[in-house]
Every structure is written in C-alpha cells, then in structure tokens.
Amino acid sequence: MATSVQDDQNMLESIQKIVQEALRKLGYSDEYYELLKVPMMVLTVRIPVRMDDGTTRVFTAYRARHNDAAGPTSGGVRFHPKVTEAQIMAMSIWTGMKYGMLDLPFGGASGGVVCDPRGMSFGELERLSRGYVRAISRFVEPHEDILTPSILTNSQTMAWMADEYNRIRASGGRMSVTGKPLVLGGTRGRETAVPKGGAILLEEAAKRQGLSLKGARVIIQGFEHAGSDLARIMEEAGAIVVGISDPYGALYNPDGLDIGYLLDNRDSFGAVTNLFRNTIPAQELLLKPCDILVPAVAKHQIHAGNARKIQAKIVLEGGSNLIDEEGLRILAERGVLVVPDILALSGGSVLSYIEWMQNRQGWQWTEEEVEAKMREILASAFQQVCEMAQSRNADMRLAAHMTGLRKYANAMHLRGWV
C-alpha cells in the first residue's frame with residue numbers, strides 16, 4: 001500500500017507540473033497556478049455499512065472538487081482497494097483540464113471509496129453506494145457536483161446513487177448523477193462512448209493529414225477492451241484493420257484482418273490471438289507499416305528507442321501516458337500527428353455532459369442526435385488543440401493541457417478571483 005500511496009503522490013506532483021508548465025506557456029502569473037494546483041475542496045468521509053453477515057464495516061471515501069469557476073464540478077466515482085486521497089486530487093485536476101479542453105460548462109471532480117467491490121455482494125454494494133451519497137451530500141449540494149461512473153462502478157452503481165439523491169432532494173438524482181441506465185435518464189451510446197469518440201477524432205486527424213479513412217491501414221492494441229469496438233467502427237468507415245493485439249500476442253496481415261471473425265471468436269475475456277499460431281509480440285506490432293496506430297497497453301511504450309521506427313502518420317494514444325516526452329518530441333519532428341490521451345479518451349466525459357443536458361431538458365435524444373452532438377464537441381476540441389499547438393509552438397499533448405486550463409484561467413479572471 002505504501003508504494004501505491006507514493007505512486008499516487010508522484011502522479012499528483014506530475015499533474016501539478018503539467019499545470020504549471022501550461023499556465024506559464026500561456027503567460028499567466030503564478031497566482032493562477034496557486035488557485036489551480038490543488039482542488040478547492042477535498043472531503044474525507046467514513047461510511048458505515050451493514051454487511052450481509054450482520055457486522056458493520058467502515059469504509060474510507062473521498063471527493064475532490066477542483067475548480068467551479070466555469071460551472072458545477074463533475075467527475076467519476078471509483079470503487080477500488082488502492083484509492084488514495086492524492087489519487088483523487090490528481091484525477092480531479094486532470095478531469096478539469098479535460099472539461100476545459102472540451103469547452104464544456106463543468107469543473108473537474110473525482111471521488112472514490114477504498115473497497116474491493118469484487119468481494120462484495122449486490123446488497124453490500126448498494127448500501128455502500130447509498131452511503132457514499134449520504135456522506136458527501138452533507139457538504140455538497142446536488143447540482144453543484146455531478147457524479148459519473150469510473151473504475152469498477154457502472155450503471156447500477158449510478159442508479160443507486162441517483163435514487164439516494166432523490167430521497168434527499170426530490171428529482172436531485174437525475175441532474176446530479178450520470179451514467180445511469182437508460183430507463184432512469186441515461187443516454188444512448190454510453191457503452192461505446194470511448195471508441196466512438198476515438199473514431200471521430202481519427203476522422204478529424206485524417207482530414208488534417210490529408211488522409212482518407214477509406215482504405216487507411218489501422219493497427220489497434222487492446223482488442224480485448226474498447227479496441228474491438230474501435231476496430232469494428234474503423235472497418236465500417238472503410239478502413240483496413242491490419243493489426244490487433246491482446247494479452248496473448250498480436251496479429252498482423254498487410255491485406256487486412258477479418259474483424260467479424262475475430263469478434264465472433266473472442267473468449268469470455270475478449271481475447272482472440274490465442275487461437276492463432278503465427279502471432280507476433282505486441283511491441284513488434286507497433287513498428288509494422290500502417291497509416292493509423294492506436295497504442296493502448298503499457299505506459300511509455302513509445303519512446304526514444306522506437307519512435308523513429310513508427311511508420312504511422314497518425315497515433316491516437318488509447319491509454320494514459322503511453323508516449324514518453326522524448327518519443328512525443330521525435331514523433332512531432334517527423335510530422336506524425338499525435339492525438340493525446342486526454343483528448344483521445346474523452347468520449348465518456350462528452351457522454352456525461354450529453355446525459356446531463358438531456359435530463360435538464362427532460363428529453364431523450366436519439367442515438368443519431370447523441371452521435372451528432374458528440375461529433376460537434378470533439379471536432380471543435382480537436383481543432384482548438386491543433387490551433388493551440390500551431391500558434392504556441394507546442395506539441396499536441398501540451399497544447400491540449402493549455403487549451404483546457406485557459407478556460408479556467410479566463411473564468412477566474414472574469415469572476416475577479418485573480
């Protein structure tokens with residue numbers, strides 16, 4: 001646990017350095033950094049839960065609200081045994097930068113409960129979910145902070161939380177919780193939000209690189225997760241998926257893989273390469289010829305040692321921090337367009353905003369309307385990040401951070417905070 005705590009403290013310090021660098025590059029004074037380097041509020045609460053055996057366990061939980069200058073805060077609630085205060089603080093700052101980059105009317109927030117939901121019964125999870133809402137609602141009004149799903153929480157968790165908010169304040173749950181089941185005010189498209197968002201961003205990136213998606217060769221890691229949905233969406237758009245990987249290895253065929261066959265033959269965990277003999281290592285797959293590369297597995301897997309060998313014209317970072325700083329610099333020098341993780345993984349955040357909007361209007365949008373709104377938001381964010389990168393001579397990752405923080409800095413200035 002000590003290592004986890006130190007890792008999370010390092011993550012918080014790393015994000016604070018990102019905030020400081022981005023604000024200085026934008027020309028803001030240190031006063032802005034002082035307001036944005038830590039959340040404006042961090043709660044630690046203790047939740048008593050009656051377990052199925054009749055005993056009572058007390059769970060530690062957190063909620064951090066980064067900055068509400070531009071609107072109510074919003075962010076995930078994770079259930080995990082390694083949740084720490086530093087982790088939740090870091091994620092609230094990260095989420096805030098993401099909402100600012102997307103130009104959505106939210107500030108960042110994050111929450112979590114120290115628990116292992118995989119060892120808890122359905123009833124115990126319900127009592128814990130409701131207890132979390134009761135605990136934080138004593139300090140935060142509904143509508144001031146919007147809860148969204150995160151690690152090991154799902155639509156059922158959010159349904160319990162929304163219902164508990166409704167008990168505290170009539171109708172409070174619909175606009176204070178997102179990620180709910182469709183029948184309780186959720187939105188269509190939640191299950192594929194991240195791969196759908198990635199596909200939209202790849203389409204925008206392809207336009208910028210003068211590349212047509214039709215016939216483009218694509219390599220995707222993480223086929224057992226969202227990568228399989230992205231592969232299907234890319235194939236439907238006319239692209240040729242030439243490579244995929246999962247924990248057992250990778251497949252590559254320059255003429256294209258049969259994605260339908262692979263989807264139909266996955267095991268219960270989503271893996272498929274164990275069915276084949278002629279597999280290659282996942283690291284080798286990164287270096288194969290392609291137009292679009294989506295790494296999505298290990299941290300810093302694109303680095304100084306292999307960045308010059310990457311043959312793609314576009315790299316979409318399908319996981320957190322998969323390209324190190326030197327690798328990012330080399331790719332930029334070579335003219336490879338990188339869609340950074342904070343943008344590439346933002347589909348879920350966009351869907352939470354869309355759900356919130358529908359609940360405010362009392363209306364249920366069609367799947368086509370949801371996708372159109374998602375496309376509008378992501379295309380605009382991509383263009384803003386590209387413009388920031390060009391005008392400020394920054395790489396795409398730094399430009400995304402700068403775009404996100406600029407909104408909060410301007411909002412704080414106009415409110416008279418700085």
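Before going into details, it helps to say that this report is about the structure given with it. (Residues numbered from 1 in each chain as written. Predicted model: local features only at pLDDT ≥ 70, side-chain atom pairs only at ≥ 80, totals over all residues. Heavy atoms only, no water.)

Moving on: helix α14 (residues 367–391). Given a rise of 1.5 Å per residue, 25 residues ought to cover 36 Å, and the 36 Å separating the end C-alpha atoms of α14 matches this to within 8%. Immediately beyond the C-terminal end of α14, within one or two residues, lies N393, with a positive phi of roughly 55 degrees. (Helix = DSSP H or I, 4+ residues; strand = E, 2+ residues; numbered from the N terminus. Expected span 1.5 Å × (residues − 1).)

With that settled, consider the sheet that holds strand β7 (residues 240–246). Taking strand neighbours across the sheet as the criterion, the six strands line up as β8-β7-β6-β9-β10-β11 in an open arrangement whose pairing is mixed. Two strands close off the open sheet at either side, each with one partner strand: β8 (249–252) and β11 (337–339). Neighbouring strand axes in the sheet, compared pairwise and without regard to direction, differ in orientation by 15 degrees on average. Pairing of β7 with β8 involves four bridges; the strand directions are antiparallel. Following the sheet pairing, D246 is matched in β8 by G249. Along the sheet, helix α7 (residues 193–208) contacts β9 (292–294), β10 (314–316) and β11; its crossing angle with β10, the most-contacted strand, is approximately 160 degrees. (Pairing = 2+ DSSP bridges. Axes fitted to C-alpha atoms, helices over the stretch in contact; angles between N-to-C directions. Contact = heavy atoms within 4.5 Å.)

For the structure on display, the rule yields 29 salt bridges. Between K407 and D103 there is a salt bridge; the shortest N-O distance is 3.2 Å. Here K407 is found in helix α15 (residues 396–415), whereas its partner D103 is found in the loop between α3 (85–102) and β4 (107–114), with 304 residues between them in sequence. The residue R167 makes a salt bridge to D163 at a minimum N-O spacing of 3.3 Å. Of the two residues, R167 and D163 are both situated in helix α5 (residues 155–168); the distance of four residues between them amounts to about one turn of the helix. Through salt bridges with shared partners, a single network forms among E126, R130, R134, D163, E164 and R167. (Salt bridge = Lys/Arg side-chain N within 4 Å of Asp/Glu carboxyl O.)

The element β4 is largely enclosed, with a buried count of seven among its eight residues. Bridge count between strand β3 (residues 73–80) and β4: six bridges; the pairing is parallel. Bridge assignment links H80 to a residue of β4, and that residue is V114. Between β3 and its parallel partner β4, the chain crosses via α3, and the hand of that crossover is right-handed. (Buried < 20%, exposed > 50% of the residue type's maximum accessible area, 1.4 Å probe, protein only. Right-handed = clockwise from strand over helix to strand, strands pointing away.)

Mapped onto the elements, L293 comes out in strand β9. Here the alpha-carbon distance between L293 and E317, two residues 24 residues apart in the chain, equals 8.5 Å. Contact partners of L293, with chain neighbours within four places excluded, come to I219, L286, I302, I310, A312, I314, V315 and L316.

Turning next to the nonpolar core. V19, M234, I292 and F382 are the most contacted members of the largest nonpolar core, which totals 86 residues. Setting aside residues no more than four positions away along its own chain, M234 makes contact with A199, L202, L213, V218, A239 and V241. Residues F79, C115, M120 and M161 belong to the second largest nonpolar core, which totals 26 residues. (Core = buried A, V, L, I, M, F, W, Y, C linked by side-chain atoms within 4.5 Å.)

Of the volumes computed, that of the second largest pocket is approximately 290 Å³. As for the second largest pocket, its lining consists of 15 residues, of which A332, L337, A394, D395 and M396 are closest to the centre. When contributions to the lining of the second largest pocket are tallied by element, the ones reaching two or more residues are α11 (325–333), β11 and α14. Considering every element that reaches the lining of the second largest pocket, the biggest residue donor is α14, with three residues. In the lining of the second largest pocket, the residues fall into nine nonpolar, four polar and two charged. (1 Å grid on protein atoms, 1.4 Å probe; cavity = no way out; pocket = protein on both sides within 12 Å on 5 of 7 lines; lining within 4 Å. Points joined across faces, edges and corners; volume = space filled by probe spheres on them. Nonpolar A, V, L, I, M, F, W, Y, C, P; charged D, E, K, R; others polar.)

So, on to α5. Look at α5: 20 Å from first C-alpha to last across 14 residues, which is about the 20 Å you get at 1.5 Å a residue. Along α5, the positions that sit buried rather than exposed are T157, M158, A159, W160, M161, A162, E164 and Y165. Contacts from the buried residues of α5 go to β3, α4 (122–137), β5 (145–149) and α6 (172–176). N-cap assignment for α5: the residue whose side-chain oxygen lies 3.1 Å from the backbone N of Q156 is N154. (Polar contact = N/O pair within 3.5 Å; in protein donor to acceptor, adjacent residues only side chain to side chain.)

Okay, a nonpolar patch on the surface next. A surface patch of nonpolar side chains, amounting to about 290 Å² of accessible area, comprises Y261, L275 and F276. Looking at the element boundaries, F276 is found in the loop between α9 (259–264) and α10 (282–285). (Patch = residues over 30% accessible without salt bridge, like charges linked within 9 Å, V, L, I, M, F, W, Y side chains within 5 Å. Areas by Shrake-Rupley, 256 points an atom, 1.4 Å probe, with all protein chains shown as cover.)

This part takes up the sheet that holds β4. Taking strand neighbours across the sheet as the criterion, the five strands line up as β1-β2-β4-β3-β5 in an open arrangement whose pairing is mixed. Looking at strand neighbours, the two that pair on one side only are β1 (41–50) and β5, the edges of this open sheet. Direction aside, neighbouring strands of the sheet carry axes that sit 25 degrees apart on average. Sitting on the sheet, α3 is in contact with β1, β2 (56–65), β3 and β4, with an inclination near 150 degrees to β4. Of the strands in this sheet, β3 and β5 touch α5, which is tilted by about 155 degrees from β5.

This next bit is on the side chain of E164. Tracing the backbone through its elements, the reader meets E164 in helix α5. Classification of E164 as buried rests on a relative accessible area of 5%. Setting aside residues no more than four positions away along its own chain, E164 makes contact with R130, V133 and R134.

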